[in-house]
Amino acid sequence: MGREFIPLFDDWAENYDQTVAGHDAEYKEVFEDYDRILQAVASKSKGTVLEFGVGTGNLTEKLISLGRVVFGVEPSKVMREKTKARFLDIDLYDGDFIQFPELPQKVDSIVSTYAFHHLTDEEKDIAIKLYSDILGDEGKIVFADTAFLDEKDRKDRHRIVKQQGFENLLEDLEREYYTTLEVLKHLFQKNGFEVRFEKMNPYVWLMEAVKKNKN
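Just so it is clear, the model here is predicted, and its values are computed rather than measured.

**Q** Mind laying out the sheet that holds strand E6 (residues 193–199), listing which residues take part and the relevant values?
**A** Sheets are built from strands that pair by backbone hydrogen bonding, the pairs being arranged parallel or antiparallel. Spatially, E3-E2-E1-E4-E5-E7-E6 is the arrangement adopted by the seven strands of the open sheet, whose pairing is mixed. A strand with exactly one partner marks an edge of an open sheet, and here the two such strands are strand E3 (91–93) and E6. With strand direction ignored, the average angle separating the axes of adjacent strands in the sheet is 20°. Along the sheet face, helix H6 (residues 121–134) touches strand E1 (48–52), strand E4 (109–113), strand E5 (140–146), E6 and strand E7 (204–211) and points at about 120° away from the line of E6.

Encoded structure:
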């Protein structure tokens, strides 16, 4: 469920905001237009929002500024502490994409940025099925994350990164569970969602899935 990456994020918490701001040349393209990506996710959400992988609270801030009621889930204790320091009144829980406490009210949207790749494709399927059960008709999932158009795109990107000499980034791309739009489209449709994708930078796609009305 992605919890194997908690130590990485505990260590990264102190410098995370510097990385997403583009100060790390190796990851600059990954986080290109970071603020615009977060704003797009927040803007496409609606009503009461469940946010996974809160991190240091950057997306949370945009959701709150739009008047959303936010319930946050974050497995890293260090990250949770940073977010809690920014937003004293936020409902913030220890959990992950699949295992998290029961929420006190119904949610209208489920959002996340730069985190869904911590699940295997099988776990992504489990998670999306769970969200289908949580959301009512027309409920939304809005994720932004690194993904590949298809397997050829994956191989091409790995080759480019290797040519750039970005060894850490290449290791990340090979170690973590980045998937393809083909797989994601199948998983969303299988679990009752209509989904559309929008490319936001060389790595990141915006995924907007709406639960289909069964009537």
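Following the structure, the description resumes.
**Q** Can you break down the pattern of salt bridges residue by residue, with the values?
**A** Evaluated as defined, the whole model comprises 18 salt bridges. A salt bridge links Asp35 to Lys62; its shortest N-O distance comes to 2.7 Å. Pair noted here: Asp35 is in helix H3 (residues 34–44) and Lys62 is in helix H4 (residues 58–65), with a separation of 27 residues, a long-range link. Exposure remark for Lys62: the relative accessible area of 12% places this residue in the buried category. For the salt bridge of Lys124 with Asp121, the shortest nitrogen-to-oxygen distance reads 3.6 Å. With Lys124 and Asp121 both in helix H6, this residue pair falls three residues apart, about one helical turn. With relative accessibility at 30%, the residue Asp121 sits in the partly exposed group. Within this structure, Lys44, Lys140, Arg196 and Glu208 form a network of salt bridges that share partners.

Thresholds, definitions, all that
- Residues numbered from 1 in each chain as written.
- Predicted model: local features only at pLDDT ≥ 70, side-chain atom pairs only at ≥ 80, totals over all residues.
- Heavy atoms only, no water.
- Pairing = 2+ DSSP bridges.
- Helix = DSSP H or I, 4+ residues; strand = E, 2+ residues; numbered from the N terminus.
- Axes fitted to C-alpha atoms, helices over the stretch in contact; angles between N-to-C directions.
- Contact = heavy atoms within 4.5 Å.
- Salt bridge = Lys/Arg side-chain N within 4 Å of Asp/Glu carboxyl O.
- Buried < 20%, exposed > 50% of the residue type's maximum accessible area, 1.4 Å probe, protein only.

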